[in-house]
Amino acid sequence: ASVLAKAVVQQVRDRNRVVSERKLRHGSGKGRAVHVVFEDRPENDFSKFFTTFQKNIGCADETTDEDNDKVFVSAVGRSFYEQCLPDNSVDVAMCSIAAHWLDINPKTPVDVVEKTKHAYWLYARQVTMGVDSSTSIQNGFQDLPVCAQKAADDWECFLLRRTKELKIGGTMVTLMSTGGTKQGDNEIDRAFQGFAGSIVRGLLAAVDDLVKEGKFTQKEGQAVNCYAYARTEEELKKPFTESTSAVSKAGLKLTHYKPFVVPCPLLPEYQNGTLSKAEYCRRVALSLRTWSYHLVYNALSMERSEEERRGLVDVFYNQVAICLDRLSSPPALPYSLALLIMQKM
């Protein structure tokens, strides 16, 4: 998050300097207002967002009340695979660990929906050489090319939508989850293998256990879908390296690419004896819960009561911790990420 924040702040400062110099030449360079627009899916709770934002605005030491009065905030309830703002209206765009989710909507062909529903699980199993094969995954590695093509199409769509919104000279800063290079011999690849191993041995093993115990139905187990894809460095760069691509023709250029690993923050506490193995695995399970909760909750039958569904989700992550604790060595949970900075020419 700090890497992304620093990059965004620098881009805002650079853009502000360019615009201010232009306005000063026309006698109107001071006291510029800032309009911040947040995008999220329309079904999400925007009231909580606005409440949280209002509580935190002005917390930065260098801001004044006068500065805060010039910050205007609004939100757009759309998918980022749609255009969210008018053409040529954005100075700086930001996206943080979100564009790995694939665009599945009513217009998506049924066969693509079926073959990509376990895209992330399949890729995770592939990079861990298929360990702990899960009965919850009915399709196999033969569907990975379909997943990869869907991911490529969605990445291009995302970039083209943002390009239309950006002003000439505007920039976009994106933090992406990445699958590395598929070579397996560098830090990024090893980090994703560690993360994927935790998913395969934790999340998917827990699904299987609860299906076998009868707590999840077979249908519910198979419905724990993950329409996401960890693109490789080559896949992330491809729209920019091919001069004939729609993205290149639209004028969006990749000016900075930096892969890096965020180490598992919990592992040192386990290694120095502060955390027991069981407690360490419980906390890893909770970390996985932060982004996978909706995958499990939405898989449970609507015929169950709200209370029962939420209770089963708690049971599920307790089982994830148990599955991880079974391993001879504790799982690591590093995050392999890539920072991309792009500019519309």
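Residues numbered from 1 in each chain as written. Predicted model: local features only at pLDDT ≥ 70, side-chain atom pairs only at ≥ 80, totals over all residues. Heavy atoms only, no water.

**Some details on the confidence of the model for the protein**
- Mean pLDDT over the protein works out to 83, with 83% of the residues at or above the 70 mark.
- Of all secondary-structure elements in the protein, the lowest mean pLDDT belongs to helix α3 (residues 65-68), at 60, while helix α10 (residues 246-250) reaches the highest, 96.
- Contacts from residues 130-139, a stretch scored under 50 in pLDDT, to residues over four places away or in other chains number 30 contacts. (pLDDT = per-residue confidence, 0-100. Helix = DSSP H or I, 4+ residues; strand = E, 2+ residues; numbered from the N terminus. Contact = heavy atoms within 4.5 Å.)

**Re the nonpolar core**
- Y120, W121, L203, W291, F316 and V320 are the most contacted members of the largest nonpolar core, which totals 48 residues.
- Broken down by secondary-structure element, the contributors of at least two residues to this core are α5 (119-127), α7 (187-212), α12 (277-297) and α13 (306-325).
- At twelve residues, the largest contribution of residues to this core is made by α7.
- Dropping the residues within four chain positions of it, L203 is found in contact with W121, S198, L288, W291, S292, F316, Y317 and V320.
- Y81, A98, W155 and L166 belong to the second largest nonpolar core, which has 22 residues in total. (Core = buried A, V, L, I, M, F, W, Y, C linked by side-chain atoms within 4.5 Å. Buried < 20%, exposed > 50% of the residue type's maximum accessible area, 1.4 Å probe, protein only.)

**Some thoughts on the packing of α7 against α12**
- Relative to each other, α7 and α12 sit at 75°, their axes nearing to 12 Å. Put simply, α7 runs roughly perpendicular to α12. Each of F195, S198, I199 and L203 in α7 lies in contact with α12, whose residues at this interface are L288, W291 and S292.
- Partitioned by chemical class, the residues of the contact of α7 with α12 number five nonpolar, two polar and no charged. (Axes fitted to C-alpha atoms, helices over the stretch in contact; angles between N-to-C directions. Parallel < 35°, antiparallel > 145°, perpendicular 65-115°, else oblique. Nonpolar A, V, L, I, M, F, W, Y, C, P; charged D, E, K, R; others polar.)

**Some points on helix α6 (residues 144-165)**
- With 22 residues, α6 should reach 32 Å at 1.5 Å per residue; the first-to-last C-alpha distance of 32 Å fits that figure.
- Those residues of α6 not exposed but buried are L144, C147, K150, A151, D154, W155, C157, F158, L159, R162, T163 and E165. (Expected span 1.5 Å × (residues − 1).)

**Notes on the packing of α7 against α13**
- At a minimum axis separation of 8 Å, α7 and α13 run at an interaxial angle of 125°. With respect to their mutual orientation, α7 and α13 come out oblique. When the axes of α7 and α13 are compared, the crossing they make is right-handed. Seen from α7, the contacting residues are S198, R201, G202, L203, A205, A206, V207, D209 and L210; seen from α13, they are V315, F316, Y317, Q319, V320, C323 and L324. (Left-handed = near helix turned anticlockwise from the far one by under 90°.)

**A short note on α12**
- W291 marks the point of greatest bend in α12, at about 70°.
- The complete set of buried residues in α12 reads Y280, C281, V284, A285, L288, W291, S292, L295, V296 and Y297. (Bend = angle between axes of the 7 residues up to and from the residue.)

**A closer look at the pattern of salt bridges**
- Throughout the structure, instances matching the rule amount to 14 salt bridges.
- Here E165 and R162 are joined by a salt bridge, their closest N and O atoms 2.8 Å apart. Taken as a pair, E165 and R162 lie in helix α6 at a separation of three residues, close to a single helical turn. For the pair formed by E165 and R162, the shared burial category is buried.
- Each of the salt bridges in this network shares a partner with another, and the network as a whole consists of E220, R304 and E308. (Salt bridge = Lys/Arg side-chain N within 4 Å of Asp/Glu carboxyl O.)

**A short note on the side chain of T116**
- In this fold, T116 is placed in helix α4 (residues 110-116).
- The exposure class assigned to T116 is buried, which follows from its relative accessible area of 0%.
- Looking at T116, its side chain comes within polar contact range of the main-chain oxygen of V112, at 2.6 Å. (Polar contact = N/O pair within 3.5 Å; in protein donor to acceptor, adjacent residues only side chain to side chain.)

**Section: unusual backbone geometry**
- At N88, a residue that is not glycine, the phi angle is positive and equals roughly 55°.
- Here N88 shows up in the loop between β2 (71-77) and β3 (90-96).
- One non-glycine residue, I97, lies in positive phi territory at about 45°.
- For I97, the position within the fold is in the loop between β3 and α4.
- When its relative accessible area of 37% is taken as the criterion, I97 is described as partly exposed.

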